[in-house]
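Coordinate analysis (summary)
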Amino acid sequence: MKKLLFPLILLSFMISCEKKETLYLFNWAEYIPTHIFGQFEQENNVKLKFDWYDSNEAMFVKIRSGASGYDIIFPSGDYVSIMRKSGMLQPIDKTKVPNLDLLDSRILERITFDKNQEYSVPYMVSVTGIAVNTNEVKDYPKSFEIYNRKDLAGKMILMDNMREVLDGALINLGYHANSTNKEEITAAGELVKKWKENILRFDQESFARSFAQGEVFVVHGYAENIFLELDENQKKTTDFFIPEGGTLSIDNMVILKDAKNPELAHKLINFILRPDIYAQICDYLTLPSMNIESRELMEKTPVYSIDDVLSCEIKDDVGEAIELYNEVWQDIRIGG
């Protein structure tokens, strides 16, 4: 009889696990520390399952091509607008997300892609910047002008991200990041072609690792990715700056229209915004907190402040002009 004990226990455990509610997430890689998910699973006796993406474009193409089964996705603001217009999202029931009231109104007032958070809940605010290895590069402009440096040719990376790169070029030229003007967007493309001559590559996936390993001395990207790759000594010799005022990106939590478990999705969103949980996430990413109460609970100083963020131009949906952006970007990446 003892020989049957383990199989019976295992069978009972498997049946128990199968009865757990399951929530399916599609998110940026390494954007939430895994222990946070574990805590939510334990507190609510549920199971979370994940897939990862490395760009809004890749995520959108996958969802639009028929990928189903996801409950929550974490798109940037411009893609919240695009997905909402495409009928992909269901409304947020704010009565189930009371912690939404803890978010800094100065940030919420800047949001144009979903005013009043009808279809999205802000997750994290960040800016795209440039990191420089100050051991290797001594004198440099805190600007995209650094990509004109012939002496750094082959030692610099630009993100393989259409909006991030073209927005940077637009701002460098004195235009708005969300320009819909054909001449301005074309001029930005020509500028990026000049920068392309001096970079090692465009890179969306391993830019932070390449910088940490010393393959490049200058990298364009997100501070949260870069600093997660650096040891304490490297952090001391890394200067991360926001060029030309920078572009502000707000990533959000949205519930897909065909989500199988919207109730649990709302519960996870509210859990993430809980001050003690949100403080841990901000510490992990070294990003400033939108959650006012969590600021007192944070143990690390973020790479930049909320005030730095407020001075940046928010990245928004450019509507039909996205086709022009795509044409210019393809010419950069495939053409000359």
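Residues numbered from 1 in each chain as written. Predicted model: local features only at pLDDT ≥ 70, side-chain atom pairs only at ≥ 80, totals over all residues. Heavy atoms only, no water.

With 94% of its residues at a pLDDT of 70 or more, the chain shows a mean pLDDT of 91. Contacts for the low-pLDDT stretch residues 1–17, under 50 throughout, to residues beyond four places or in other chains number zero contacts. (pLDDT = per-residue confidence, 0-100. Contact = heavy atoms within 4.5 Å.)

The next point concerns the environment of Val46. Of note, Val46 is situated in strand β2 (residues 46–53). A sequence separation of 163 residues divides Val46 from Arg209, and the C-alpha atoms of the two residues are 34 Å apart. Once residues within four sequence positions are removed from consideration, Val46 is found in contact with Lys20, Glu21, Phe40, Glu41 and Leu264. (Helix = DSSP H or I, 4+ residues; strand = E, 2+ residues; numbered from the N terminus.)

Attention shifts here to helix α4 (residues 77–85). The buried fraction of α4 amounts to seven of the nine residues, a majority that puts the element mostly inside the structure. Every buried residue belonging to α4 is among Gly77, Asp78, Tyr79, Val80, Ser81, Ile82 and Met83, and all of these are buried. Close packing links the buried residues of α4 with α3 (56–64), β3 (72–73), α6 (162–172) and β9 (247–255). Backbone geometry just after α4 places Gly87 at a positive phi near 70°. (Buried < 20%, exposed > 50% of the residue type's maximum accessible area, 1.4 Å probe, protein only.)

The next thing to look at is the side chain of Asp316. By secondary structure assignment, the location of Asp316 is in the loop between β10 (313–314) and α14 (322–334). For the buried Asp316, no salt bridge exists, and the shortest N-O distance to an oppositely charged side chain is 7.3 Å, to Arg163. When near neighbours in sequence (up to four residues on either side) are disregarded, Asp316 contacts Asp78, Thr112, Phe113, Arg163 and Asn178. (Lys, Arg positive; Asp, Glu negative; His and termini not counted. Salt bridge = Lys/Arg side-chain N within 4 Å of Asp/Glu carboxyl O.)

All right, on to the packing of aromatic side chains then. Across all of its chains, the model carries 16 aromatic pairs by this definition. Pairing Trp28 with Tyr53 gives two aromatic rings, centres 5.0 Å apart and planes at 55°, and the pair type is tilted. Of this pair, Trp28 sits in strand β1 (residues 21–28) while Tyr53 sits in strand β2, placing them 25 residues apart in sequence. Judged by relative accessible area, Trp28 falls into the buried class, the value being 10%. Assessed through its relative accessible area of 6%, Tyr53 is described here as buried. (Phe/Tyr/Trp six-rings, centres within 6.5 Å; stacked < 30°, edge-to-face > 60°.)

What follows is about the pairing of strand β4 (residues 121–133). Along any regular strand the residues' side chains alternate between the sheet's two faces. Burial within β4 is extensive, with 13 of its 13 residues counted as buried. Relative to β9, β4 runs antiparallel, the two being bridged by six bridges. Bridge pairing links Val125 to Ile250 in β9. The pairing of β4 with strand β7 (residues 218–222) spans five bridges and is classified as antiparallel. Paired with Ile130 across the strands is His220, a residue of β7. Here β4 pairs with strand β8 (residues 238–241) via four bridges, running antiparallel. Among the inter-strand pairings, Ala131 is bridged to a residue of β8, identified as Phe240. (Pairing = 2+ DSSP bridges.)

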